[in-house]
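Summary of the model geometry
Each chain, letter by letter, is given below.
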Amino acid sequence: MQQHKDPPVRLGSDFWIVTAVIVVLAILSIVYWAYAPIDSWMHEAVDRAAQIDLLFRFLAGTGFALAFAVLGYILYFSLKYRRRPDQDDEAIGLQIHDNHKLELWWTVIPTIFVIVLGFISVKLFLEIEPVNAAGGTHVVEALGHQWYYTFRYPGIHGEVKEMHLQVDQPVTLHVTAYDVIHSFWVPDMRLKADMVPGLVNTLVFTPKRTGRYNLVCTEFCGTFHGEMRSGTKQDAAYVYIDTPEQYQAWYSAQQRANANVSDAVAVASAGAVNLTGGDAAAGKTLFTQKCSACHAIGPFDQKIVGPGLKGVLHDPAHPSLVNGDKATPDAVAKILQNGFNGPMGTMPNQTANQLTDKDIANLVAFLDSLK
Amino acid sequence: MAVATIPHSPFAHDDPEVDLLYSETRELRVQGFLLFMVSDLVLFSSFIFAYLYLRSSGQGWPPPGGPKLDLALASINSVILFGSGATMHFALENWKHSKFMKFAGWMVATIVLGSLFLSGQVIEYAKLAVGWGDSGIFGAGFYTLTGMHGFHVFCGVIYLTVLLLQATHGTYTFKKYTGLTLGTLYWHFVDVIWVVLFSIFYLL
Amino acid sequence: MATEALHGGGGIADHIHPEPQGFIRKYVFSIDHKIIGIQYMITAGIFLILGGMLAELIRVQLMKANGGFMTPDTYNEVYSIHGSTMVWLVIIPMLTGGFGNFVFPLQIGARDVAFPWLNMLSFWIFPVAGLMVYASFLMGAPSAGWTEYPPMSLQGQAGTSMWAAAIFLVGVSSTLTGINFLVTILKMRAPGMTFTRMPLFVWGQFATAPLLMIATTALGAALAALFMQREFGVAFFDPTKGGSPLLWQHLFWFYSHPAVYIMILPAFGILSEVIPTFARKPIFGYKMIAFSSCAIAILGFMVWAHHMFTSGMAPALQLPFMVLTMTIAVPTGVKIFSWMTTLFGGVLRFTTAMLFSVGFVALFTLGGITGVWLAAVPFDLHAHGTYFIVAHFHYVLVGGSLMGIFAGLFFWFPKMTGRYLNETWGKVSFWLFFIGMNGTFLPMHVNGLGGQPRRTATYDPQFQGLNQIESIASFIMTAAILIIIINIIVSIRNGKRSGHNPWNARTLEWQIASPPPYYNFKHIPTVFHAPYDFSEPLPYRGLEHELEGTVYENESLQPAGVH
Ligand code: HEA
Ligand code: HEA
Ligand code: CUA
Ligand SMILES: [Cu+2]
């Protein structure tokens, strides 16, 4: 009974003026954000920062434009259509119910926008995600503690308290934690990865700008979570991006300083194990008995107590062992022999695991056969 | 014929025609109960998700140190539980056909079978001989889920006993028996959950 | 049709219990949905004051970069309980148990909800659980935030288990409410009230109820697992025992993302009542608004992992979550644009309720836009865990849900009490709130992107300037809420009398006396049309005798008028 046709709608000239103003503001915001000097507010310290800022320019430009449109029309309608004193109590508004064309437009345009945004973000995501990024040549591990960071470098014994990177050299950064979840965030890099105990997360990027940068923990990790950032009493760690010379100097200094720091738990037998004649099949049986409680035969980040061991000797993304040595059969044998006390926990040594030298040879042969 | 089946049992003499209030109330209660079961299902699904998630985390199943499950015992137990689903169905059908004694018989059978299932469950736990908190993800997956299910069966046995007593005291008539319908729904629900649990623990 | 049949003579609609007598049966252990609704509102209102006072403690601490007002441990407890209170003890109970209970049964022409006793049970669980949350302060409150991520929450003090139990109870209460509301809406509508004739507030509740029912149960499972892990050592989340910290995050967010829509869909419903009423226009695009609520509810189940983009989820999983999250902008946009167009060509009465509603549209849009930014994983890599997140969700929760609650309060207060809230003071409180809200949360965007992490008792001194502005603005917001509270207390006894339909609104609840009698409708009306056509006579039949015997008997049925 009430399905009359809606009355016709006339848009006055002021509507078009407001629309024009909104369009101008929208264009201005897009142009502004396209050229905004983001780098001067916050350095773009790595290649990813510039890439992510490009996405941000798009988000901010369109976001401000949309905000101008919605706020602008709300303000305009509110002023224009407020009840005037001369309108009587019973005055009613224009009795329109819907307009399929209009509704179609405001469904389709946001949909298109979402598709475009989705496309841009997916593309960028695939570029910066480690799975699809070319592996960095420089592997560094960052470890979260309550409430500070440490770092491990291939070739440096033990852990160091500062992070140094070499400008223009691609980095693969593995992060994990000792105790609770922390996070690795350098605002000037625009990159963040949670440090989850029992899980290794990875970031891949290339440093582009030398300097000293703040490192901030963004996952709540206990009493002094707020102090887990560069330059506080709890945590002095900064991230430095060095020139190659500076980096080399630092690296050798650390190597020397930590030369006598031991990664081992306790030495069980002196002398290297003879690995010739190791039997992979025997090693496999032994592995299920003695090792599978702590190690999965899966990728490195598939952790139980220790890391996954599939391809421990053949994983290009993980060229060095947890103790920093290069992944060779001899180095693995050394770990089995001496054990290792690292961030994930304790890898028992030969005595604790009750392994003969022959067992070690068999196990290494087995691990070598996993690809 | 229909007249002839009107009971001469001492328990449900007066059987007034179903009125609108009853049929509407019944509709509400059945629907509310179905929704309750949906949310209960979500509770189980969440724990099933947790179990599958932990199980696929690379430790293998059973995890290191976890015991092997006894498929034979569990199969017998499953047959018992499914059997009780059937007896429950017969019980309700007999009620609908106004056969009180048969109804009561099937109800008792259901309750007995349910209790047998629980005993089987207890035996299985005893044989496994590992604790809930000290068996790693085995306890988190197996004991939590089967324990939750066992608790549902336990509640179900009590629930059905109460329904049987109520029926004996004339709470329901052969035309008005929403409570019995709900009890049956609940029992079948517990059965279906067991199908899922059995498959993911013993067959997967 | 089915609904017609349901309301023939002698059915449940005509099944009237005698009105309970005595204070306890009438006001304490009441089974009347209206009383229960008001009980919910009062309880949630008290928790709003408590949660808000905790928020002000946060802001006082953050006045200075190195804090000093509280110890970091206390600070951590304070914001954890602030977040938990606001989400579970204020917004959700207020919008579902409170406004839902009071308003929607009236709007569908029912005499009560489907299961009144269950309704009473739902309510009484809630204050008990709330007290448990606050009692946890005595044994060391949880301190890992409202999200309580393990392994941090496994280190938490004893109160963390208490917290888990309390929130579990809140969940039970929510689940029961969801079931109750869903059955009521499906089965107890007045004859002729088809789905497309339901008021949009009812649609809001209808889309929310399944979320309450399904999502909350998943939260229950997560909390139960946390409790078992903490108390019995069952290895769900502890990585040293083989558990997985990420498992908690999945279970928690599978609930908590739908929960944010639990907190906004009913508020959307309030807006869809207030805006057409004060524009004197039919709501624009009724069907699309109703449909988009359902679309949001369904999509809401498929996006939870957008809170975990930095946690270490497989990249192949992140992509669908990213894209699905972005699509929610489309149905939400439909609503925003429809409300905007409802303003167009109206004769807008800027009452306090209307001011809060229009303010809602503006501020929620800003919060929604930043939400879409966060959905883009590469941007979230930068913004996650910072004050940018805090800014995003306070814009949708304070600018959205809380302002929606205030709009509903000013709108339905006359129906609950028969008296107006003071409009002048109402407008003052709106403007103070609007200014304070933006002053508090706008600068957080800048600080967040600049590098200030959330959940910290101290921060880098470079952020101190804006933080002081935030703190001062938050005191303005507190003043606004204080004025509203005083307004309520004064107006309950001394407010101007409103008559039964002061706003000239057209939904069913306004056609009966204020406050409505125990059984709502003397005679269940028949509905002929959706309610929003201001040029037409009311689309109901059978309401002729509703006002007989009330104080309004001699008043004309015309509204007292909003001028
Ligand atoms: C759901 C709704 C909601 C609401 C309404 C609010 C309201 C407010 N919130 Fe909150 N907030 C959250 C939900 C909410 N918040 C959540 C979920 C978190 C995350 C927690 C976590 O990280 O785990 C959070 C975190 C959070 C933080 C971040 C803490 C941190 O990360 O370290 C801050 C900081 O400023 C903040 C501030 C405020 C302020 C100033 C208000 C103001 O709007 C409050 C306004 C003031 C009042 C409501 C008080 C009014 C009345 C009185 C004081 C009257 C007293 C009078 C008498 C007794 C008569 N909130
Ligand atoms: C009422 C509560 C509420 C609501 C409605 C929303 C709505 C949305 N939220 Fe928000 N969110 C929270 C409460 C809420 N959120 C909370 C509490 C947290 C933090 C929890 C914690 O960690 O403590 C959070 C965190 C959060 C994150 C995680 C950030 C992180 O921790 O890293 C993300 C990421 O995707 C997100 C996204 C979104 C999106 C896309 C929407 C969308 O639904 C928004 C849709 C709306 C619009 C887009 C505006 C209107 C639309 C138009 C005008 C149409 C045109 C627009 C476009 C095409 C863009 N939210
Ligand atoms: Cu480490 Cu926060
Ligand atoms: Cu979310």
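See the structure above.
On a predicted model such as this, the values are computed, not experimentally measured, just so you know.

1. Focus on the overall build of chain C
Counting secondary structure elements, chain C contains 18 helices and two strands. Computed over its C-alpha atoms, the radius of gyration of chain C comes to 23 Å, within 12% of the 24 Å expected for a compact globule of 563 residues. The C-alpha extent of chain C, read off along each of the three principal axes, is 70 × 45 × 45 Å. A total of 563 residues make up chain C; the buried ones form 72% of that total. Within chain C, contacts between residues at least 6 apart in sequence are counted, and of these 82% link residues at least 24 apart. Summing over all exposed atoms, chain C offers an accessible surface of approximately 16,600 Å²; the carbon and sulfur share of this is 71%. Of the side chains in chain C, 27 bear a positive and 24 a negative charge, and the two mean positions are spaced by 4 Å.

2. Examining the overall build of chain B
Within chain B, the secondary structure is distributed over five helices and zero strands. When the helices and strands of chain B are read in sequence order from the N terminus, they spell out α-α-α-α-α. Classification of the 204 residues of chain B by burial places 51% in the buried group. Counting only carbon and sulfur atoms, one obtains 73% of the accessible surface of chain B, whose full area is about 9,000 Å².

3. A look at the site of ligand 1
All names here are of chain C. Around ligand 1, the surrounding shell holds 34 residues, and the nearest of these are Arg59, Tyr75, His82, His394 and Arg455. Measuring from an oxygen atom of ligand 1, one finds a side-chain N or O atom of Tyr75 at 2.5 Å. Residue assignment for the shell around ligand 1 shows that the elements contributing at least two residues are helix 3 (33-61), helix 4 (72-107), helix 16 (387-417), helix 17 (423-450) and helix 18 (464-494). The dominant element in the shell around ligand 1, judged by the number of residues it contributes, is helix 3, at eight residues.

4. Points about the packing of aromatic side chains
Enumeration according to the criterion identifies 96 aromatic pairs over all chains in this entry. With centroids separated by 5.8 Å and ring planes inclined at 40°, the aromatic side chains of B:Phe49 and B:Tyr53 adopt a geometry described as tilted. Of this pair, B:Phe49 and B:Tyr53 both sit in helix 1 (residues 20-55), four residues apart, roughly one helical turn. The class for B:Tyr53 is partly exposed, based on a relative accessible area of 22%. When the ring of C:Phe252 is compared with that of C:Trp253, the centres are 5.0 Å apart and the planes differ by 90°; the resulting orientation is edge-to-face. One exposure class covers both C:Phe252 and C:Trp253, and it is buried. By the ring-pair criterion, three or more aromatic residues cluster together here, those being B:Phe47, C:Trp88, C:Trp146, C:Trp163, C:Phe236, C:Phe237, C:Trp248, C:Phe252, C:Trp253 and C:Tyr255. The ring of B:Tyr177 carries B:Arg26 above its face, with NZ or CZ at 5.2 Å from the centroid. Cation over ring: C:Arg506 sits above C:Phe534, and NZ or CZ is 5.5 Å from the ring centre.

5. Quick look at the site of ligand 2
The immediate surroundings of ligand 2 are formed by 33 residues, with C:Tyr261, C:Asp380, C:His384, C:His392 and C:Arg454 found nearest. Positioned at a junction of chains, ligand 2 has nearby residues supplied by chains A and C. Here an oxygen atom of ligand 2 and a side-chain polar atom of C:Trp146 are 2.8 Å apart. For ligand 2, an oxygen atom lies 2.8 Å from a polar atom in the side chain of C:Arg454. Put simply, the parts of the chain that give the shell around ligand 2 at least two residues each are helix 4 (100-128) of chain A together with helix 9 (245-262), helix 13 (329-343), helix 14 (352-375) and helix 16 of chain C.

6. Considering a nonpolar patch on the surface
Residue and element names in this part refer to chain A. A contiguous nonpolar patch, built from Ile17, Val21, Val24, Leu25, Leu28, Phe64 and Phe68 and spanning about 600 Å² of accessible area, is present on the exposed surface. Counting residues per element, the ones that place at least two in the nonpolar patch are helix 1 (13-35) and helix 3 (47-80). Ranked by residues supplied to the nonpolar patch, first place goes to helix 1 with five residues.

7. Some thoughts on the side chain of B:His149
Its location among the elements puts B:His149 in helix 4 (residues 136-168). Excluding anything up to four places from it in sequence, B:His149 contacts B:Phe44, B:Leu81, B:Phe117, B:Val190, B:Ile193, B:Trp194 and B:Leu197.

8. What about the coordination of the copper ion (ligand 4)?
All names here are of chain C. The protein atoms donating to the copper ion (ligand 4) are His257 (ND1), His306 (NE2) and His307 (NE2), with metal-donor distances spanning 1.9 to 2.1 Å. All donors of the copper ion (ligand 4) belong to a single chain; written as a sequence motif, their spacing is H-x48-H-H. Separating the copper ion (ligand 4) and the iron atom of ligand 2 is a distance of 4.5 Å.

9. A word on the interface of chain A and chain C
Counting from both sides, the interface comprises 85 residues of chain A and, opposite them, 90 residues of chain C. Both sides together, the interface formed by chain A and chain C hides about 7,300 Å², and carbon and sulfur atoms give 68% of it. Summed over the shared surface of chain A and chain C, the result is zero salt bridges. Of the residues assigned to the side of chain A that touches chain C, the class counts are 47 nonpolar, 22 polar and 16 charged.

10. Describing empty space enclosed by the protein
The method is simple in principle: a probe with the dimensions of a water molecule rolls over the atoms, and the space it marks as empty is what remains. Counting across every chain of the model gives eight cavities of 30 Å³ or more. Estimated volume of the largest cavity: approximately 70 Å³. Surrounding the largest cavity, C:Tyr40, C:Trp88, C:Ile92, C:Pro93, C:Thr96, C:Gly97, C:Phe126, C:Val170, C:Ser173, C:Ser174 and C:Thr177 form its lining. When residues of the lining of the largest cavity are assigned to their parent elements, the largest contribution, five residues, is made by helix 4 of chain C. In the lining of the largest cavity, the residues fall into six nonpolar, five polar and no charged. For the second largest cavity, the calculated volume is near 60 Å³. Taken together, A:Ile181, A:Glu219, A:Phe220, C:Ala144, C:Tyr149, C:Pro150, C:Pro151, C:Met152 and C:Arg455 make up the full set of residues lining the second largest cavity.

11. Regarding the coordination of the iron atom of ligand 2
On the protein, C:His392 (NE2) is the one donor atom to the iron atom of ligand 2, at 2.2 Å. Residue placement: C:His392 occurs in helix 16.

12. Here's the deal with the packing of helix 14 of chain C against helix 16 of chain C
All names here are of chain C. The contact between helix 14 and helix 16 brings their axes to 8 Å, and the two run at 160°. Here helix 14 lies roughly antiparallel to helix 16, going by the angle between them. Helix 14 and helix 16 meet at a crossing whose hand is left-handed. Taken together, the residues of the contact of helix 14 with helix 16 sort by class into 17 nonpolar, twelve polar and no charged.

13. Here we look at the sheet that holds strand 1 (residues 138-145) of chain A
Residue and element names in this part refer to chain A. Read from one edge of the open sheet, four strands run 2-1-4-7, paired in mixed fashion. The open sheet is flanked by strand 2 (148-152) and strand 7 (201-205), the only strands paired with a single partner. The sheet shows a mean angle of 25° between the axes of neighbouring strands, taken without regard to direction. Bridging between strand 4 (residues 171-177) and strand 7 involves five bridges; their strand directions are antiparallel. Along strand 7, the bridge assignment pairs Thr172 with Val204.

14. Notes on the pattern of salt bridges
Enumeration according to the criterion identifies twelve salt bridges over all chains in this entry. The partner of B:Glu93 in a salt bridge is B:Lys96, and the shortest N-O contact between them spans 3.4 Å. With a gap of three residues between them, B:Glu93 and B:Lys96 both fall in helix 2 (residues 71-96), about one helical turn apart. Assessed through its relative accessible area of 27%, B:Glu93 is described here as partly exposed. What makes B:Lys96 partly exposed here is its relative accessible area of 38%. One salt bridge connects C:Glu470 with C:Arg59, and the closest N-O pair in it is separated by 3.2 Å.

Reading guide: rules and limits
- Residues numbered from 1 in each chain as written.
- Chains lettered and ligands numbered in written order.
- Predicted model: local features only at pLDDT ≥ 70, side-chain atom pairs only at ≥ 80, totals over all residues.
- Heavy atoms only, no water.
- Helix = DSSP H or I, 4+ residues; strand = E, 2+ residues; numbered from the N terminus.
- Rg over C-alpha atoms; globule rule 2.2 N^0.38 Å.
- Buried < 20%, exposed > 50% of the residue type's maximum accessible area, 1.4 Å probe, protein only.
- Contact = heavy atoms within 4.5 Å.
- Areas by Shrake-Rupley, 256 points an atom, 1.4 Å probe, with all protein chains shown as cover.
- Lys, Arg positive; Asp, Glu negative; His and termini not counted.
- Charge placed at Lys NZ, Arg CZ, Asp CG, Glu CD.
- Near = heavy atom within 4 Å.
- Polar contact = N/O pair within 3.5 Å; in protein donor to acceptor, adjacent residues only side chain to side chain.
- Phe/Tyr/Trp six-rings, centres within 6.5 Å; stacked < 30°, edge-to-face > 60°.
- Lys NZ or Arg CZ within 6 Å of the ring centre and 35° of its normal.
- Patch = residues over 30% accessible without salt bridge, like charges linked within 9 Å, V, L, I, M, F, W, Y side chains within 5 Å.
- Salt bridge = Lys/Arg side-chain N within 4 Å of Asp/Glu carboxyl O.
- Donors = N, O, S within 2.8 Å, 3.2 Å for Na, K, Ca; no water.
- Buried area = accessible area lost by both parts, 1.4 Å probe.
- Nonpolar A, V, L, I, M, F, W, Y, C, P; charged D, E, K, R; others polar.
- 1 Å grid on protein atoms, 1.4 Å probe; cavity = no way out; pocket = protein on both sides within 12 Å on 5 of 7 lines; lining within 4 Å.
- Points joined across faces, edges and corners; volume = space filled by probe spheres on them.
- Axes fitted to C-alpha atoms, helices over the stretch in contact; angles between N-to-C directions.
- Parallel < 35°, antiparallel > 145°, perpendicular 65-115°, else oblique.
- Left-handed = near helix turned anticlockwise from the far one by under 90°.
- Pairing = 2+ DSSP bridges.

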